[in-house]
Amino acid sequence: MKITRNWDFNTKDQILGLELGFFYELDEELLFTYTKSGKILIFNLAGLRLYSENITENSPIWSCKFFDIDNDGKYELLLGGLDGLLRVFKINKDLSLRPFWRHQFESSISGILIDDINNDGIKEIIVYSLDKSLRIINPVDGSLIWGQIFEEGIGDAIVWRDSNNLKDIEIIACGNDGTIRIFNGNNGELLWFKKFTDKVRCVSYMCLKNNNYIVCGGDDKLIHIIDKKEREEIKTITMRDVIWKSISFPPERDNFIIVSSYNFDFLSDTIPLDDIEFKSKAICLNENLNIIWEIKNLNVEILKYIQSPKKNFIGIGTTKGTFLIIDEKSGKLLAQINNPFCLNDFEFVTESNQLILCHDNGYIYTYNIK
């Protein structure tokens, strides 16, 4: 792979995440960035800042979605953050934001999903929070469709569809109370739960021909693999550090999974980040649930599967600021970009092979990849 630097941008604020979206009124793809102090900055892909606005009162924004939630042909911007307020905006042609509706949670919003979970042809908004609640929200007016409560905050959730019956839709969520729970997507009925010894931080799944597996893990430092049909744990894999992230791929089959561990030593001010030798790693399991490759000595902050016209790959961003491009099948390192500050998020623009990275030091870096 050949990587060449494109444009960059710097702000004094920590940039926590990125979201790409095609804005039809301007007939171009836009980059939405959100920051620790609660700002939204909008760029075109040539690097020109088109709009910025302070959204919260110096409170971080954790989640951002750009989607036509009310089917009016125009995309809305959804923002969730530390203050627990889910904000939804209409976007004017000049990119200024016009409030649409709000939905208040009692604590920080952990994540936002958008999917049709009750087969009514309308994609609902699924939001989970540290206030212990999982809520399904009407996209038109922000009203509650159904909700469920955990004993402690919820850290991760996914939408699951039966590959043999696509109308069978469930939400699988995990919490700081050490539980993993499955809910009926249509009415929120609790179908099953299991409690572990410590908080569960991530959940994913693998869809195979004969079996579907739930894969989860957290502070007990174990990867738990559960037969979804039989509701039995069939395998555990021990890691040295906390289980942090997991993704299944490729999207059409979901028969491989990557799980990464995480070490919090860098949060201690007594140890410089450059001096820490992380023992955490990322591993890839195949459809036989065997480890086919692993990458050692890195603290994974962000993990994504990237589909491009010529080659699919795994993108990994780390606490030390390094970005790795990994071959999906072999785990071979294809390319590496080094920056000295924690990498918080990245996006890949398929049409132009443009890679966009954002870091703790307030920088956005973009690269062309061949």
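Residues numbered from 1 in each chain as written. Predicted model: local features only at pLDDT ≥ 70, side-chain atom pairs only at ≥ 80, totals over all residues. Heavy atoms only, no water.

Now for the overall build of the protein. Helices and strands together make up the secondary structure of the protein, namely zero helices and 32 strands. By its C-alpha atoms, the protein is 55 × 50 × 45 Å across when sized along the principal axes. Burial analysis of the protein (370 residues in total) assigns 57% to the buried set. In the protein, 42% of the contacts between residues at least 6 apart in sequence involve partners at least 24 apart. (Helix = DSSP H or I, 4+ residues; strand = E, 2+ residues; numbered from the N terminus. Buried < 20%, exposed > 50% of the residue type's maximum accessible area, 1.4 Å probe, protein only. Contact = heavy atoms within 4.5 Å.)

With that out of the way, let us pick up the pattern of salt bridges. Evaluation of the coordinates by the stated rule reveals 15 salt bridges. The partner of Asp8 in a salt bridge is Arg5, with the nearest N and O atoms 3.4 Å apart. Classification of Arg5 as partly exposed rests on a relative accessible area of 48%. When the shortest N-O distance is used, the salt bridge between Glu294 and Lys296 registers 3.6 Å. For Glu294, a relative accessible area of 30% corresponds to the partly exposed category. Here the salt bridges do not stand alone but share partners, grouping Asp70, Asp72, Glu76 and Lys90 into one network. (Salt bridge = Lys/Arg side-chain N within 4 Å of Asp/Glu carboxyl O.)

Time to look at the sheet that holds strand S30 (residues 343-349). As summarised here, the arrangement of the four strands in space is S1-S32-S31-S30, forming an open sheet in which the pairing is antiparallel. Of all the strands in the sheet, the pair left with one neighbour each is strand S1 (3-10) and S30. Going across the sheet, the axis of each strand differs from the next one's by a mean of 20°, ignoring polarity. In this structure, S1 lies alongside strand S32 (residues 363-369), joined through six bridges in antiparallel fashion. Counterpart to Ile3 in the pairing with S32 is Ile369. (Pairing = 2+ DSSP bridges. Axes fitted to C-alpha atoms, helices over the stretch in contact; angles between N-to-C directions.)

Moving on to the pairing of S32. Regular strands show a simple pattern: their side chains alternate between the two faces of the sheet. Counted residue by residue, S32 has five buried out of seven residues, so it is predominantly covered. Bridge count for strand S31 (residues 354-359) against S32 is five bridges, and the pairing is antiparallel. Looking across to S32, one finds that Ile356 is bridged to Thr366. Hairpin connection between S31 and S32: a loop of three residues separates the two successive antiparallel strands, and Gly362 in this loop has a positive phi of roughly 85°.

Read from one edge to the other, the open sheet built from four strands follows the order S10-S11-S12-S13, with strand pairing classed as antiparallel. Each end of this open sheet is capped by a strand with a single partner; those strands are strand S10 (109-115) and strand S13 (144-149). Along the sheet, successive strands turn relative to each other by an average axial angle of 15°, direction set aside. Taken together, the six bridges between S10 and strand S11 (residues 124-129) define a ladder with antiparallel strand orientation. By the bridge assignment for S11, Ile112 is matched with Val127.

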